[in-house]
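Reading the structure
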There are 2 protein chains.
Amino acid sequence: MASVLVPLATGFEEIEAVSIIDVLRRGGIQVTTASVESDQNVTGANGITIVANNQLDYVDPNEFDMLVLPGGHDGAVTFKESDKVQSMIKMFDVSKKPIGAICAAPMALAEAGVIKNSYTCYPSYEEGIGTEKFTDAHKVVVDENITTSRGPGTAICFALSIVKQLVGEETHNALKAGLIAEYC
Amino acid sequence: MASVLVPLATGFEEIEAVSIIDVLRRGGIQVTTASVESDQNVTGANGITIVANNQLDYVDPNEFDMLVLPGGHDGAVTFKESDKVQSMIKMFDVSKKPIGAICAAPMALAEAGVIKNSYTCYPSYEEGIGTEKFTDAHKVVVDENITTSRGPGTAICFALSIVKQLVGEETHNALKAGLIAEYC
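Below, the structure is looked at part by part. (Residues numbered from 1 in each chain as written. Chains lettered and ligands numbered in written order. Predicted model: local features only at pLDDT ≥ 70, side-chain atom pairs only at ≥ 80, totals over all residues. Heavy atoms only, no water.)

**Focus on the pattern of salt bridges**
Applying the stated rule across the entire model yields 10 salt bridges over all chains. For Glu13(B), the salt bridge identified is with Arg26(A), shortest N-O distance 2.8 Å. Of this pair, Glu13(B) sits in the loop between strand 1 (3-8) and helix 1 (14-26) while Arg26(A) sits in helix 1 (residues 14-26), each in a different chain. The exposure class assigned to Arg26(A) is partly exposed, which follows from its relative accessible area of 31%. The partner of Glu182(A) in a salt bridge is Lys139(B), with the nearest N and O atoms 3.7 Å apart. With Glu182(A) in the segment after helix 7 (169-178) and Lys139(B) in the loop between helix 5 (126-129) and strand 8 (140-143), the pair connects residues from two separate chains. (Salt bridge = Lys/Arg side-chain N within 4 Å of Asp/Glu carboxyl O. Helix = DSSP H or I, 4+ residues; strand = E, 2+ residues; numbered from the N terminus. Buried < 20%, exposed > 50% of the residue type's maximum accessible area, 1.4 Å probe, protein only.)

**A short note on the relation of the copies chain B and chain A**
Superposing chain B onto chain A takes a rotation of 180 degrees combined with a translation of 0.0 Å along the rotation axis, leaving an RMSD of 0.0 Å. On this basis, the relationship between the two copies can be described by a two-fold rotation axis. Among all C-alpha atoms of chain B, that of Ile50(B) lies closest to the rotation axis, at 2.3 Å. (Least-squares fit on C-alpha atoms with pLDDT ≥ 70 in both.)

**What about the sheet that holds strand 5 (residues 54-55) of chain A?**
Residue and element names in this part refer to chain A. Strands sit in the order 5-2-1-6-7-9-8 across an open sheet of seven strands; the sheet is mixed. In the strand order of this sheet, the two ends are held by strand 5 and strand 8 (140-143), each with one partner. Sheet analysis places strand 1 (residues 3-8) next to strand 2 (residues 30-35), joined by six bridges and oriented parallel. Residue pairing across strands places leucine 8 opposite serine 35, the latter belonging to strand 2. This element, helix 1, spans strand 1, strand 2, strand 6 (66-69) and strand 7 (99-102) of the sheet and lies at about 150 degrees to strand 2. Against the sheet, helix 3 (residues 83-94) makes contact with strand 1, strand 6, strand 7 and strand 9 (146-149), and its axis sits at roughly 140 degrees relative to strand 6, the strand it touches most. (Pairing = 2+ DSSP bridges. Contact = heavy atoms within 4.5 Å. Axes fitted to C-alpha atoms, helices over the stretch in contact; angles between N-to-C directions.)

**With respect to the environment of Pro98(B)**
All names here are of chain B. Within the secondary structure, proline 98 is located in the loop between helix 3 (83-94) and strand 7 (99-102). Considered as a pair, proline 98 and valine 4 are 94 residues apart in the sequence and their alpha carbons are 9.7 Å apart. Those residues within four positions of proline 98 in sequence are excluded, and the remaining contacts are Asp65, Met66, Leu67, Phe92, Asn145 and Leu166.

**Quick word on the nonpolar core**
Within the largest apolar cluster, 70 residues are counted, with the highest numbers of intra-cluster contacts made by Leu24(A) and Leu24(B). Among residues more than four places away in sequence, those in contact with Leu24(A) are Val4(A), Ile29(A), Val31(A), Ala159(A), Ile162(A) and Val163(A). (Core = buried A, V, L, I, M, F, W, Y, C linked by side-chain atoms within 4.5 Å.)

**Brief notes about the layout of surface pockets**
All names here are of chain B. Each pocket or cavity is described by its volume, and for the largest pocket that value is around 200 Å³. Mapped onto the lining of the largest pocket, the elements with two or more residues apiece are helix 6 (155-166) and helix 7 (169-179). Broken down by element, the residue count for the lining of the largest pocket peaks at four residues, all from helix 6. For the lining of the largest pocket, the per-class residue count stands at five nonpolar, three polar and three charged. (1 Å grid on protein atoms, 1.4 Å probe; cavity = no way out; pocket = protein on both sides within 12 Å on 5 of 7 lines; lining within 4 Å. Points joined across faces, edges and corners; volume = space filled by probe spheres on them. Nonpolar A, V, L, I, M, F, W, Y, C, P; charged D, E, K, R; others polar.)

**Some points on the state of the cysteines**
All names here are of chain A. Scanning all chains against the criterion turns up two disulfides over all chains. The residue that forms a disulfide with cysteine 157 is cysteine 184, at a sulfur-sulfur distance of 2.1 Å. Across the S-S bond linking cysteine 157 and cysteine 184, the dihedral sits near -75 degrees, which makes this disulfide left-handed. Of the two residues, cysteine 157 sits in helix 6 (residues 155-166) while cysteine 184 sits in the segment after helix 7, which places them 27 residues apart along the sequence. On the basis of relative accessibility, which here comes to 6%, the residue cysteine 157 falls in the buried class. Of the residues examined, cysteine 184 reaches a relative accessible area of 27% and is grouped as partly exposed. With no disulfide of its own, cysteine 103 lies 8.4 Å from the sulfur of cysteine 121, the closest cysteine sulfur. Classification of cysteine 103 by relative accessible area gives buried; the value is 7%. (Disulfide = S-S within 2.5 Å.)

**Examining helix 3 of chain B**
All names here are of chain B. Over its 12 residues, helix 3 runs 16 Å from end to end, which matches the ideal 16 Å to within 8%, given 1.5 Å per residue. If you follow the buried residues of helix 3, they end up packed against strand 1, strand 6 (66-69), helix 2 (73-81), strand 7, helix 4 (106-112) and strand 9 (146-149). At the C-terminal side of helix 3, lysine 96 shows a positive phi close to 55 degrees. (Expected span 1.5 Å × (residues − 1).)

**With respect to the interface of chain B and chain A**
Taken together, the contact pairs 32 residues of chain B with 32 residues of chain A. Both faces combined, the contact of chain B with chain A buries some 2,500 Å², and carbon together with sulfur accounts for 63% of it. Taken together, the connections running from chain B to chain A amount to four salt bridges. Linking chain B to chain A there are 16 residue pairs in polar contact (both at pLDDT 80 or more). Elements represented by at least two residues in the side of chain B that touches chain A include exactly helix 1, strand 4 (49-51) and helix 7 of chain B. In terms of residue count, the dominant contributor to the side of chain B that touches chain A is helix 1 of chain B (nine residues). Looking at side-chain class alone, the side of chain B that touches chain A contains 15 nonpolar, nine polar and eight charged residues. Pairing geometry for strand 4 (residues 49-51) of chain A and strand 4 of chain B, over three bridges, is antiparallel. From the neighbouring strand, Ile50(A) faces strand 4 of chain B, where its bridge partner is Ile50(B). (Buried area = accessible area lost by both parts, 1.4 Å probe. Polar contact = N/O pair within 3.5 Å; in protein donor to acceptor, adjacent residues only side chain to side chain.)

**Quick look at unusual backbone geometry**
Residue and element names in this part refer to chain A. Positive phi values are uncommon outside glycine, yet glutamate 144 reaches one of about 55 degrees. Mapped onto the fold, glutamate 144 is located in the loop between strand 8 and strand 9. Residue glutamate 144 is classed as exposed on the basis of its relative accessible area, which comes to 56%. Even without glycine at this site, isoleucine 180 takes up a positive phi of about 60 degrees.

Pasting the structure below:
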């Protein structure tokens, strides 16, 4: 069973975080949410508080197959500025393990220097990340080990792409139908 | 400012609940989540625990403009079997206040006898609710004061429809673009 680590920081975008966790677990992936904050209860950009499974300080990143970062401006800034998250991103990339980021969170990947040839993000964030490799032609961009996506409305599609990569096309197709997300 | 009550019961579908709360709050609507359970922390169908704002026993339904029920099989069964939730549904309907339900939750509306001429729900739940008034032609069905929708992949569209009804088309259009949910 594949395992995915999802860090949560204050101001995370709730639809994005929950779509990732929900869809991956439906796909049979073991998802661990880990608070980057001092409290295990983390509150998102729209005031929704989620109880994380653990705190990032107590988690061993080597035990996970993939790292996925939800967006939300303030949460993404924390991912960009946290030494712990930055070193995790670099560690996953050096090991050629897959990394995902959606919405504002690709800024944390840019800071770590792991974006390859092409990526997407929430509109206007490409100005800070770099416009040369940016594309808005797709809801989800997979480039080598880096998967990026655009915002709340593409979060289910982003999660489905991760299921396809970690579990396979058959499970992906069944989930897509079961979620009623034919637009992905 | 419009106000919406969102009851949460164990086994709620997390993408649906969070899409409703998140999008409505983005639209300037005051959303109160209320646990139907004895604990204010409520765990969804995919193991995500949300801290509700209040408990249903302590909430005065007369203070709200709309009642919205997220899906998820077990949570919807609780809504169907709870005397408190059933009497709230009937109270909102008698006052001609809007009521929303997505996925499995329309079964609670059927139990209360408030479905009008047309509704939608998660595939196969129409067999228990009644196939005559069922349609799967749209992601969201608005019929008089009752708004219904199909599942996780239509939850943002469902919430956007509620924003359109309670706040207006301009806010709806701005949110739809901001959420990157052009498929709604």
